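# Fold and geometry: a report
Chain residues, written in single-letter form:
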Amino acid sequence: MLQGTLDLLILKTLAIGPAHGHTVAYAIEHRSEEVLQVEHGSLYPALHRLEDRGWIASFWGTSENNRRARYYRLTPAGRKQLTAQTNRWDEIVRAVNRILRPA
Amino acid sequence: MGITRFFRRGRWDDERAREIDAYLAIETDDNIARGMSPDAARAAARRKLGNATLVREEIYQMNTVKLIDSAWRDLKYGARLLRLNPAFAIVAILSLALGVGANTAIFQLLDAVRIRTLPVKDAGELVEVRIADPVGGRTGQFTGRRPSLTNPLWEQIRDRQQVFSEAFAWSAPTFDLTTGGEARYAQGLWVSGDFFKGLGVPALIGRTLTAADDRRGCASPPAVLSYAFWQREYAGSASVVGATITLDGHSFDIVGVTPASFFGVEVGRTFDVAVPLCAEPVSRGARTAMDKKDVWFLGAMGRLKPGITLEQARAQLAAISPPISRRRCPTTVPKTRRTICSSRLARTRGAPASRSCGASTSRRSGCCSRPPVWSC
């Protein structure tokens, strides 16, 4: 996976609603139609980093199958960051495409 | 990353461990729901997660300040090693302790010798008077620890100077205390009349020496004891005033004792008994240096009159210097080398009045490093 894209994907996933790590990992895999395979372990340092920057916040909750799990939700700062990073991503994709498929 | 999180990184790590456990539990549940056996489900969950320890370590690293963390670990490692080698540890700790102790002792010595101030009134007003170029310029006999002046030179300076409220000279001989038999020595002081007045040292009991005591050819000179000597030799008895003391076989009347804080004018040295300078012939007899132009044995100081600066003092000494030097300098001294200066004892650093370097031989060069002004 491209450097930095994991953060963007996590933010996007959490924009839908609070979720715990397990859900985030499966959501990314599922919504990319199994193309993007996240190593689930690598998700946790990324979550920690995002929380550190104040883009997401965490709390303990109960999962669908009655397990204690740490939930994450997007903060207002995270929402702004998501918009900024999405725009940046679009720019990069357009730029790369211009090079790969010149008109 | 906040510093609070650094100190709570252990708790943080526990939290992450629980979080990862939660992941494994949920994933195992899901795997069982997909039809796996519990063991296979748990193993599959672990595979899916990857290396849990690595994940926790990565987060732990994010929370830590590397330098503090590794320093702390080094410390713990060091303590463990010391415990493993008790003999080595004891030797190391002992040598450290000795080193610290030795350093402390050396500093205390330095403090006593170089840093302490003269125990006198307003030491900042005191200046030393001496030949400015003491090395190579003078010939003759040099005795004592501060052979700055000859007595003829000193007497001329005393009588002609107008910049000092008091000028005084001293020399530090060794006196023999006994009347016969095995010699027993005391640290002596020959002091000129204004010595105690100039230093502003009062008597603890009795009186100190005055200008009236220091007359050429004094027949029965008095003596003043230091506090330490008084305690040691007379057990602090008040009846010591009026008693006599034998110095070099001659009897002196004891007239007083100086305060405990006064140790003389040489930092790092002490004196036992002070007598007037006019008693020098009493001890030296025919070898007296009172009129010798080439026996250098006196140190001299002056207390600047109020409002007189060091520069003014130098100028005045320079003005009176030619007539003195023509008559009093030994003819063997080359004209170009005959220079005398008055130098401030106090270091100007900090409050001048509270710091004086005294006549310590160990810092002589620092006291009079300015160019000489008085040529003779």
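These numbers come from a predicted model, not from an experiment.

The helix and strand inventory of chain B stands at 12 helices and 14 strands. Across the 376 residues that make up chain B, the buried fraction comes to 44%. For chain B, the share of sequence-separated contacts (at least 6 apart) that also reach a separation of at least 24 residues comes to 73%. Entry remark: accessible area of chain B is about 19000 Å², with carbon and sulfur atoms responsible for 57%.

Another aspect to go through is the confidence of the model for chain B. Residues and elements named next belong to chain B. When the pLDDT values of chain B are averaged, the result is 79; 81% of them are 70 or greater. Within the model, pLDDT remains below 50 along residues 346-376, and this stretch shows 89 contacts once partners closer than five positions in the same chain are excluded. Here the predicted complex scores 0.50 on pTM and 0.80 on ipTM.

Counted at 1.5 Å a residue, the expected span for helix α3 (residues 38-49) of chain B with its 12 residues is 16 Å, and the 17 Å between its end C-alpha atoms agrees. Within α3 of chain B the residues assigned to the buried category are A41, A44, A45 and L49 of chain B. Looking down the long axis of α3 of chain B, one finds its buried residues gathered within 135° of arc, a one-sided arrangement. Exposed side chains of α3 of chain B directed beyond 90 degrees from the buried face belong to D39 and R47 of chain B. In the core, the buried residues of α3 of chain B are packed alongside α3 (40-52) of chain A together with α2 (9-33) and α4 (52-62) of chain B. Looking one or two residues beyond α3 of chain B, the residue adopting positive phi is G50 of chain B, at roughly 95°.

Cut-offs applied
Residues numbered from 1 in each chain as written. Chains lettered and ligands numbered in written order. Predicted model: local features only at pLDDT ≥ 70, side-chain atom pairs only at ≥ 80, totals over all residues. Heavy atoms only, no water. Helix = DSSP H or I, 4+ residues; strand = E, 2+ residues; numbered from the N terminus. Buried < 20%, exposed > 50% of the residue type's maximum accessible area, 1.4 Å probe, protein only. Contact = heavy atoms within 4.5 Å. Areas by Shrake-Rupley, 256 points an atom, 1.4 Å probe, with all protein chains shown as cover. pLDDT = per-residue confidence, 0-100. Expected span 1.5 Å × (residues − 1). Arc of directions from axis to C-beta.

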